[in-house]
Amino acid sequence: MVKKRIDELIEIINKANYDYYVLDNPTISDQEYDRYMQELIKLEEKYPEYARIDSPTKRVGGMVVEEFEKVAHKTPMLSLGNVFNEEEIMAFDERIKKEVGSSAYVCEPKIDGLAVSLIYEKGRLVKSVTRGDGITGEDVTHNVVTVKTIPLQLKEKIDIEVRGEIYMSKAVFEKLNKEREAKGLPLFANPRNAASGSVRQLDSKIAAQRQLDCFVYHLPNAKDFNINSHYEGLEYLKKLGFTVNPNIQKFDDIQGVLDYVEYWSQHRNKLEYEIDGIVIKVDNIENQEKLGYTSKYPKWATAFKFKAEEVTTRIKDIIFTVGRTGQVTPNAVLEPVRVAGTIVSKATLHNEDYVLDRDIKINDIVVVRKAGDVIPEVVRPVKERRNGSQIDFKMIDKCPICGSVLIKKENMAAYYCENELCDARKQESLLHYVSRNAMNIEGFGERIIEEFYNQGYLKKISDFYKLKKYKKELMELEGFGEKSINNLLENIENSKNNSLEKLLFGLGIRYVGNKTAKILASHFENIDNLSKATYEELVEINDIGDVIAKSVVDYFASEENLKLIDQLKEYGVNVKYLGVSTKESEIFSGKNFVLTGTLSSITRNEAKELIESLGGNVVGSVSKKTDVVIVGENPGSKYEKAKELNIVIWDEEKFIKYLNQER
Ligand code: IVH
C-alpha cells in the first residue's frame, strides 16, 4: 500500500519535473508540486525500505557517499580524434567515403563539460558513471540524480545505457563565481571545471545547488533498439525523455558539414553554454560498425576544434621553471587576462630560441592563446605598442632551484639542469608518478607534493608507500584532516595493484611514454625481465628503436634505480603486466614521413625514432608516396616539393602535439 503510493508519487513528480525542466511547459501548480513532494518525503522518512535512488527527493541533494565506487564500463567510453581545419575535415570525409561510400553526417556542438554514462533498468535510472580512463569510471549517481534535465524515469520501461555531457551554463557559472568571490572562496577557472568539481563531490547537496544541465548524444547499443542511424537514435532519446541539443543537424554531404562548422565558429558565443568544437559523426550505424574503433577513438566520428582564442596582455616578468627531465622553461608572468574561459597569469615561452626568434621582451604587449585549449602560450609581441620600457630577455645559465650550471645539448633549443638531486626535478617526478596515465593516485596536487616534500615525508617515489607510517603527523599539517589523509593513503594503497605499464610510465624513464610503456610491459611481462633486457633485445621489438632502447638500458644500469624498484617490490607494488592489449598508433602507423629543416625541441634522430616507434617510416625524399612532411626552421627544397605535390605538412608544434597524443 505504502510502496504503491510512493511509486505513484514518484511517477507524478518525475513527470512534472520533465514537463517543467525539459519541455519548459509546467503542467501542475507549484503548490500541488510541493504537496506531492512533502508527502513523498514523509513517506520515505517513515519507510526507508521503500526509498528509491530514482526518487525526485534525491534531486535536492543530501545524499553522502563515503567514496566513489569504481565501475567498469560495459562498452569503453572513448574520446574523439581531432581535426583543425577544412583540409582535415575533407581528409576525414575522403577516408569515410573510401571505406563506406557515404557522406551522411550528423553535426553536434561539442559541449565543454564532463561525460557521463547513464544506466537505466526497466526505465529507472540505477547508475551514473564518469568516463574515468575510458575503461573504468566512478559511480556518481548520487550527484547525477540532482541534474534536473536527466530523467530519473524514462517513458518506456526498458534497460538502456545512454551517454552525454553534464555541463554548467555560462550564466550559472558567472553567478557561482560571483558568490564565491563574495565569500572569499577560490574561483572556478571555467564552467567545465565547475561542473566536473560538482559531480565529483561526496555530498550531493553541493551538486544540487549548482544547477547543472545535461545533453545526451550517444546510444552505445543503438541496434538493440532497432535503430539504424545516429539521428534516429537522438530522436528516440528525446522520446524517452532526455534532452538532446536542439542545434544538432543532419547533412547528406560534406559541404553541409563545412557550412555548419563555419556557422558555429562565428556564432558559438551566442550559446548559453561553452562549446569547444563541433563533433562530426557518420550517421548510419552499420557504416559506423564497419569503420570501427582505434584504442582511443571511434573511426566514424571526429571533433573539429575551434581555433584558439587570442587575446593581448602585458608581460610583467619572465621566470624559469624546471621540469621532471631537468628541462628549464622560460615562462611569462602576465597581467591576468581571460582567455578561452579561464583567467591566465602565466604562459609558456617554450625555450630561449622561441623567445629570441619572436623578439619577445619583458613589458611587451603580447598575443596569448591556449595551445590545444589547455596550456597558455605567448604567440608574438605587438611591437607597435612598445614604449621604450621593454627589457631584453636573457636566458639564465644556472638552475633557478639548485644553482647547477645548465647544459645545452647540441642541436637542441632547451637548457637542462642535469642535477638529479635538484628539488624541482624531484618534485616534478613525484607529480608525474601520481598522474592519471601513470599510477593514477588521486588527491595529490602540486601543492600537496610540495608540502610533503618540504616537510621531508616525500623525497622519492618509494616514500609514497611509507607515508602511512606518518599518518598522525600528516593529519596535523595545516589543511589536512583524518578524512583527507585516509583518502590519500587509500589511493596510494590501491595503486599497488596497477598493471606494469602504469608503473613503467610513472618511473619517468626518458622517452618511455604511455604507449612505449605498454609495449615494453606486454613484451617483458614483468619488471625483472625488462631490467635484464639488453640493447639488442630491445631494438628487436617492433616499435622500439635506438634512442628508447639506450634510455631503458641506461635506466636499469643505475644502482639507484634498481634499489628503488626493489623497495617498491618490498612495499607490495605490482610489477607484473596484467594484460591490457596494445594497439598501434592511428596517426603514425604505416605512414611515410619526411623531415626537413631544424626542429627546436628534439633532434632529427630522436624524431625519426619516435615516429618509427609509433609504426611510421621515415624516408629521405619527398615523393607521391610520402604521407606527411614535417617542417622545421629553414626547410630545404623538400618543403617546396611537398607543397607542389599537395602533401600534408606539419610544423613542429603539430608534430609534437600528435606525438604526445599517441605516446
Ligand atoms: S561523442 C563514441 N558527442 O567530447 C562517442 N562527445 O573529446 C564519443 N563531447 O569524451 C563521444 N560533446 O565528453 C560526443 N556531441 C558530442 C559531444 C561529445 C562533448 C565530449 C565527450 C568526449 C569528448 C571527446
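Reading the values: rules and limits
- Residues numbered from 1 in each chain as written.
- Predicted model: local features only at pLDDT ≥ 70, side-chain atom pairs only at ≥ 80, totals over all residues.
- Heavy atoms only, no water.
- Pairing = 2+ DSSP bridges.
- Helix = DSSP H or I, 4+ residues; strand = E, 2+ residues; numbered from the N terminus.
- Contact = heavy atoms within 4.5 Å.
- Axes fitted to C-alpha atoms, helices over the stretch in contact; angles between N-to-C directions.
- Parallel < 35°, antiparallel > 145°, perpendicular 65-115°, else oblique.
- Nonpolar A, V, L, I, M, F, W, Y, C, P; charged D, E, K, R; others polar.
- Core = buried A, V, L, I, M, F, W, Y, C linked by side-chain atoms within 4.5 Å.
- Buried < 20%, exposed > 50% of the residue type's maximum accessible area, 1.4 Å probe, protein only.
- Expected span 1.5 Å × (residues − 1).
- Polar contact = N/O pair within 3.5 Å; in protein donor to acceptor, adjacent residues only side chain to side chain.
- Phe/Tyr/Trp six-rings, centres within 6.5 Å; stacked < 30°, edge-to-face > 60°.
- Lys NZ or Arg CZ within 6 Å of the ring centre and 35° of its normal.
- Patch = residues over 30% accessible without salt bridge, like charges linked within 9 Å, V, L, I, M, F, W, Y side chains within 5 Å.
- Areas by Shrake-Rupley, 256 points an atom, 1.4 Å probe, with all protein chains shown as cover.
- Salt bridge = Lys/Arg side-chain N within 4 Å of Asp/Glu carboxyl O.
- Lys, Arg positive; Asp, Glu negative; His and termini not counted.
- Charge placed at Lys NZ, Arg CZ, Asp CG, Glu CD.
- Near = heavy atom within 4 Å.
- Disulfide = S-S within 2.5 Å.
- 1 Å grid on protein atoms, 1.4 Å probe; cavity = no way out; pocket = protein on both sides within 12 Å on 5 of 7 lines; lining within 4 Å.
- Points joined across faces, edges and corners; volume = space filled by probe spheres on them.

Visitor: Would you explain the sheet that holds strand β10 (residues 275–282) in this entry?
Guide: Strand-to-strand pairing in sheets goes through backbone hydrogen bonds, with the strands running parallel or antiparallel. Taken in spatial order, the 5 strands of this open sheet run β2-β11-β10-β3-β9, and their pairing is mixed. Since the sheet does not close on itself, it has two edges, and those belong to β2 (82–83) and β9 (249–251), each with one partner. One ladder, built from 3 bridges, connects strand β3 (residues 105–111) with β9; its direction is antiparallel. When the bridges of β9 are listed, V106 appears paired with K250. Its contacts with the sheet put helix α8 (residues 230–240) on β3, β9 and β10, and the angle it makes with β3 is roughly 55°.

Visitor: Is there a simple way to explain the sheet that holds strand β19 (residues 592–596) in this structure?
Guide: Read across the open sheet, the 4 strands follow the order β20-β19-β21-β22; overall the sheet is parallel. The open sheet terminates on both sides in strands that have one partner only, identified here as β20 (617–618) and β22 (648–651). Note: strand β21 (residues 628–631) against β22, 4 bridges, orientation parallel. Bridging from a neighbouring strand, V628 pairs with V648 of β22. Sheet strands in contact with helix α22 (residues 604–613) are β19, β20 and β21, and its direction is about 170° off that of β19.

Visitor: Teacher, can you tell me more about unusual backbone geometry here?
Guide: Most peptide bonds take the trans configuration, and most residues that are not glycine carry a negative phi. In this structure, H350 takes a positive phi of about 65° despite not being glycine. Structurally, H350 is set in the loop between β14 (342–348) and α11 (352–358). We note that D543 has phi near 80°; this positive angle belongs to a residue other than glycine. Summarising the element assignment, D543 is placed in the loop between α19 (535–540) and α20 (546–557).

Visitor: What is the right way to look at the packing of α20 against helix α21 (residues 559–570) in this model?
Guide: Each pair of packed helices can be described by the angle between their axes along with the distance between the axes. At their nearest, the axes of α20 and α21 sit 5 Å apart, and the two run at 75° to each other. Comparing their axes, α21 and α20 come out roughly perpendicular. Taking contact as the criterion, the partners of Y555, F556 and A557 in α20 are, on α21, E559, N561, L562, L564 and I565. Split into classes, the residues belonging to the contact of α20 with α21 amount to 6 nonpolar, 1 polar and 1 charged.

Visitor: Explain the nonpolar core here, please?
Guide: A general trend in soluble globular proteins is that nonpolar side chains are found buried together. Counting 56 residues, the largest nonpolar core has F444, F452, F464, L503, L504, L507 and L538 as its most contacted members. No other element matches the 6 residues that α20 contributes to this core. In terms of nonpolar packing, the next biggest core, distinct from the first, is built from 42 residues, F68, V162, V172 and L240 among them.

Visitor: How do you make sense of helix α9 (residues 254–267) when you look at a structure like this?
Guide: Since the α-helix packs 3.6 residues into each turn, any two residues three or four apart lie on the same face. Helix length check: α9, at 14 residues, gives a terminal C-alpha distance of 20 Å against a target of 20 Å (1.5 Å per residue), a fit within 8%. As for α9, its buried residues are in contact with α3 (86–100), β3, β9, β10 and β11 (301–305). Looking at where α9 begins, the residue whose side-chain oxygen comes 3.2 Å from the main-chain nitrogen of Q255 is D253.

Visitor: Mind showing me how you'd approach the packing of aromatic side chains here?
Guide: For any pair of aromatic rings, geometry is given as the distance between the ring centres together with the angle between the planes. Across all of its chains, the model carries 25 aromatic pairs by this definition. Geometrically, the ring pair formed by F320 and F393 is tilted, given 6.1 Å between the ring centres and 40° between the ring planes. Note that F320 is positioned in strand β12 (residues 311–322) and F393 in the loop between β16 (375–381) and β17 (407–408), a separation of 73 residues in sequence. Both residues of the pair, F320 and F393, count as buried. A ring pair is formed by Y457 and Y470, whose centres lie 5.3 Å apart and whose planes are at 50°; its orientation type is tilted. Here the residue Y457 occupies a position in the loop between α13 (446–455) and α14 (471–476), and Y470 occupies one in the loop between α13 and α14, the gap between them amounting to 13 residues. Of the residues examined, Y457 reaches a relative accessible area of 16% and is grouped as buried. Note on Y470: relative accessible area 27%, which makes it partly exposed. In this structure, K409 is placed above the aromatic ring of Y416, and the distance from its NZ or CZ to the ring centre is 4.5 Å. Across from the ring centre of Y453, 4.0 Å away, lies the NZ or CZ of K459, which sits over that ring.

Visitor: Looking at this structure, I do not really get a negative patch on the surface. What am I missing?
Guide: Taken together, the side chains of E86, E87, D252, D253, D259 and E262 make up a negatively charged region of the molecular surface. Every element with two or more residues in the negative patch is listed here: α3 and α9. If you trace the backbone, D259 turns up in helix α9. With relative accessibility at 46%, the residue D259 sits in the partly exposed group.

Visitor: Can you help me understand the site of the ligand in this one?
Guide: Around the ligand sit 15 residues in total, of which E108, I111, E165, Y217 and K281 are the nearest. Between the ligand and E108 there is a distance of 2.7 Å, counted from a nitrogen atom to a side-chain nitrogen or oxygen. Between the ligand and P109 there is a distance of 3.4 Å, counted from a nitrogen atom to a backbone nitrogen or oxygen. When the ligand sits alone it has 530 Å² of accessible area, and the protein chains cover 89% of it. For the shell around the ligand, the secondary-structure elements that each account for two or more residues are β3, β8 (213–218) and β10. Sort the elements by how many residues they give to the shell around the ligand and β3 lands first, with 4 residues. Tallied by class, the residues present in the shell around the ligand amount to 9 nonpolar, 2 polar and 4 charged.

Visitor: Help me out: how do you make sense of the state of the cysteines in this one?
Guide: With the rule as written, the count across this model stands at 0 disulfides. Cysteine C399 is unpaired, with the sulfur of C402 as its nearest cysteine sulfur at 3.7 Å.

Visitor: Please explain the environment of E39 as it appears in this structure.
Guide: Within the secondary structure, E39 sits in helix α2 (residues 30–46). When the C-alpha positions of E39 and S637 are compared, they lie 80 Å apart, and in sequence the two are 598 residues distant. Excluding anything up to four places from it in sequence, E39 contacts R5 and L9.

Visitor: So what exactly am I meant to see when it comes to empty space enclosed by the protein here?
Guide: In this approach a probe as big as a water molecule rolls over the atoms, and the regions it shows empty are the leftover space. As enumerated under the stated definition, the model contains 3 cavities of 30 Å³ or more in all. Space inside the largest cavity adds up to approximately 40 Å³. Around the largest cavity, the lining residues are E108, P109, I111, F215, V216, Y217, N245 and I248. In the lining of the largest cavity, the residues fall into 6 nonpolar, 1 polar and 1 charged.

Visitor: I would appreciate a short explanation of the side chain of Q427 in the present structure.
Guide: Here Q427 is to be found in helix α12 (residues 423–434). Since its relative accessible area comes to 17%, Q427 is described here as buried. In this structure Q427 touches I449, E450, Y453 and N454, once residues within four positions along its chain are discounted.

Visitor: What am I meant to see in the pairing of β10 here?
Guide: For a regular strand, side-chain orientation follows a simple rule: the groups alternate between the two sheet faces. The buried fraction of β10 amounts to 8 of the 8 residues, a majority that puts the element mostly inside the structure. Relative to β10, β3 runs antiparallel, the two sharing 7 bridges. Its bridge partner being in β10, P109 is matched across the sheet by I278. Inspection of the sheet shows β10 paired to β11 by 5 bridges, in the antiparallel sense. Considered in β11, the bridge of G277 is made with K305.

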